[in-house]
Amino acid sequence: MTIDINKLTDDFLEGDQDQAWERITDQAELMANSHLTFEALTKAMQRIGKLWEENEISVADEHLATTTCDYVLSRYAHYRKITNKNENGPKALFLCIEQEQHYLGLKMISLLFQEYGWQTKLFGANLPLEYAVEKTEKWGASVVGISVAILYHAERLNRYVTELEALKNPPEVLVGGRLTSQYNLAKYCSEHTTLVPDLHRVREWLEERKGSMKNVRY
Ligand code: B12
């Protein structure tokens, strides 16, 4: 990948949506491959985290970087015609557990599922458990993807997993987010839960299921 991550980070910190978008469109390989694009955006946001940790930037800068990254993500999805209306595709619902604000990664994963022909609903940040259960049941989602980034939020994970997996038609619960790459969250999950540490593993998971699906767009 030849994109300059430091410059992309600077665009995010400036809130320069057009410049950030151009930096992506300049790279033909990114425009053709969402995996590489999401990897670049992830690296830039991780760099934002490092700068925040080192007191180089403020929380306001983090917010601006987030909305700019989110803009690029939405524009990329529009450009690549990635849709969540994949009729007859299996259903996946995505949410962050209560109080969890870090939703950008979840949005990327939802888009990846869409590319593989899934119908998706993206609930984003901070979805209380009662609604997660209700929506899963009503819509008949076969997968629920949960994101968790902050360690003290993980305590809540177990209730989400337990209640979702106890439904009459239980979905497969996938747990991802920054924490899963750093800690073993198995103690908050069950033997049926799938822990997904990074983008590569998501791609592998989607590839494994591809064979059994109709209407798949590659
Ligand atoms: C942007 C940001 C924010 C934004 C969030 C904006 C938003 N709406 O998303 C704001 C400013 C609100 C914020 C707030 C806070 N944040 Co913050 N934040 C970040 C930052 C810089 C980037 C997060 C991000 O978007 N990363 C990029 C995404 C793409 O990566 P990702 O989430 O890991 O997702 C990837 C995979 O994990 C996977 N994935 C993600 N979800 C899922 C789900 C499924 C199902 C699957 C399969 C896969 C998957 O897919 C992605 C693909 O690459 C991180 C730094 C970092 N290293 O991530 C800190 C960071 C996560 N934040 C941190 C902290 C401390 C906080 C705050 C407590 C304080 C603060 N900074 O204001 C609050 C807490 C808010 C809360 N209650 O949740 C710490 C956490 C440290 C810790 N020990 O827990 C970090 C690591 C910063 C740091 N270096 O210290 N934050």
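Counting restarts for each chain: residues are numbered from 1 in the order of the written sequence. Local features are withheld for residues below a pLDDT of 70 in this predicted model, meaning they are given only at 70 or higher, and side-chain atom pairs are given and counted only at 80 or more; totals for whole chains, interfaces and linings count all residues.

Colleague: Whenever I open this one, the overall build of the chain confuses me. Can you help?
Modeller: Regarding its fold elements, the chain presents 10 helices and five strands. Restricting the calculation to C-alpha atoms gives the radius of gyration, and the globule rule supplies 2.2 Å times the number of residues raised to the power 0.38. Here the C-alpha atoms of the chain give a radius of gyration of 17 Å, agreeing with the 17 Å that 2.2 N^0.38 yields for 218 residues. If you line up the chain on its principal axes, its C-alpha atoms span 50 × 40 × 25 Å. The burial criterion counts other C-beta atoms lying within 10 Å of a residue's C-beta, which is placed from the backbone; the residue is buried at 20 or more, exposed at 12 or fewer, and partly exposed between these limits. Relative to its 218 residues, the chain shows a buried fraction of 36%. Secondary structure elements follow DSSP: runs of H or I of four or more residues count as helices, runs of E of two or more count as strands, with numbering from the N terminus.

Colleague: Would you take a moment to explain the site of the ligand for this structure?
Modeller: Taken together, 37 residues surround the ligand, and among them Gly49, Gly105, Gly145, Ser147 and Gly176 come closest. Of all elements in the fold, only helix H4 (34–53), helix H5 (59–79), helix H6 (104–115), strand E3 (143–147), strand E4 (172–176) and helix H10 (199–210) reach the threshold of two or more residues within the shell around the ligand. Gly is put with the polar residues, along with every residue not named as nonpolar or charged; the nonpolar set is Ala, Val, Leu, Ile, Met, Phe, Trp, Tyr, Cys and Pro, and the charged set is Asp, Glu, Lys and Arg. Here the residues of the shell around the ligand are counted per class, giving 19 nonpolar, 13 polar and five charged. Residues from two domains meet in the shell around the ligand; each of domain 1 (5–79) and domain 2 (91–210) gives at least three. Defining nearness, a residue is near a molecule or strand when the C-beta atom obtained from its backbone falls within 6 Å of it. Domain delimitation follows an automatic or database domain assignment.

Colleague: What should I look at first to understand the environment of Ala132 in this one?
Modeller: Within the fold, Ala132 resides in helix H7 (residues 129–139). Residue class for Ala132 comes out buried when judged on the 23 C-beta atoms lying within 10 Å of it. Along the backbone, Ala132 and Asp4 are 128 residues apart, and their C-alpha atoms lie at a distance of 38 Å. For Ala132, the residues in contact, after removing those within four places along its chain, are Leu95, Leu127, Tyr160 and Leu164. Any pair of residues counts as being in contact when their C-beta atoms, constructed from backbone geometry, are within 7 Å of one another.

Colleague: In this structure, what is going on with the sheet that holds strand E5 (residues 194–195)? I would like to understand it.
Modeller: Two strands in a sheet stick together by hydrogen bonds in their backbones, pointing the same way (parallel) or opposite ways (antiparallel). If you walk across this open sheet you meet the five strands as E2-E1-E3-E4-E5, and the pairing is parallel. Because the sheet does not close on itself, it has two edges, and the strands there are strand E2 (119–122) and E5. At least two DSSP bridges between two strands are required for those strands to pair. Relative to E3, strand E1 (residues 91–96) runs parallel, the two being bridged by five bridges. Bridge assignment links Leu95 to a residue of E3, and that residue is Ile146. Axis lines are fitted through C-alpha atoms, for helices just across the contact stretch, and the angle between N-to-C directions can take any value from 0 to 180 degrees. Where helix H8 (residues 154–165) meets the sheet, its contacts fall on E3 and E4, and the angle it forms with E4 comes to roughly 160°.

Colleague: Sorry if this is basic, but what is going on with the pairing of E1 here?
Modeller: Successive side chains on a regular strand alternate, one facing one side of the sheet and the next facing the other. Among the six residues of E1, five are classified as buried, and the element is accordingly described as predominantly covered. Across four bridges, the pairing between E1 and E2 is parallel. Looking at E2, one finds that Phe94 is bridged to Leu122. A right-handed crossover is one whose linking path, passing over the helix from the first strand to the second, runs clockwise when the strands point away from the viewer. One crossover worth recording links E1 to the parallel E2 by way of H6, and it is right-handed.

Colleague: Before we go on, may I ask you to explain the packing of H4 against H6 in this structure?
Modeller: Each packed pair of helices is defined by two parameters, the angle between the axes and the distance between the axes. Contact geometry for H4 and H6: axes closest at 11 Å, N-to-C directions at 180°. The angle between H4 and H6 places the two elements in the roughly antiparallel class. Every residue of H6 that contacts H4 at Ser34, Phe38 and Met45 is listed here: Leu104, Met108, Leu111, Leu112 and Glu115. Classifying every residue of the contact of H4 with H6 by side-chain character gives six nonpolar, one polar and one charged. For classification purposes, an angle smaller than 35 degrees is called roughly parallel, one larger than 145 roughly antiparallel, one from 65 to 115 roughly perpendicular, and anything else oblique.

Colleague: Before we go on, may I ask you to explain the domain arrangement of the chain in this structure?
Modeller: The extent of an interface is frequently quoted as the accessible surface area lost upon association of the parts. The domain architecture assigned to the chain consists of domain 1 (5–79) and domain 2 (91–210). Between domain 1 and domain 2, the C-alpha centre-to-centre distance is 23 Å. Listed as interface residues are 10 residues of domain 1 and, on the opposing side, eight residues of domain 2. When the residues that make up the side of domain 1 that touches domain 2 are grouped by side-chain class, the tally is five nonpolar, three polar and two charged.

Colleague: Could you clarify how one ought to interpret the environment of Gly176 in this entry?
Modeller: Mapped onto the secondary structure, Gly176 falls in strand E4. The sequence separation of Gly176 and Ile48 amounts to 128 residues, and the corresponding C-alpha distance is 20 Å. The residues touching Gly176, leaving out its near neighbours within four places in the chain, are Gly105, Ile109, Gly145, Ser147, Val196 and Val202.

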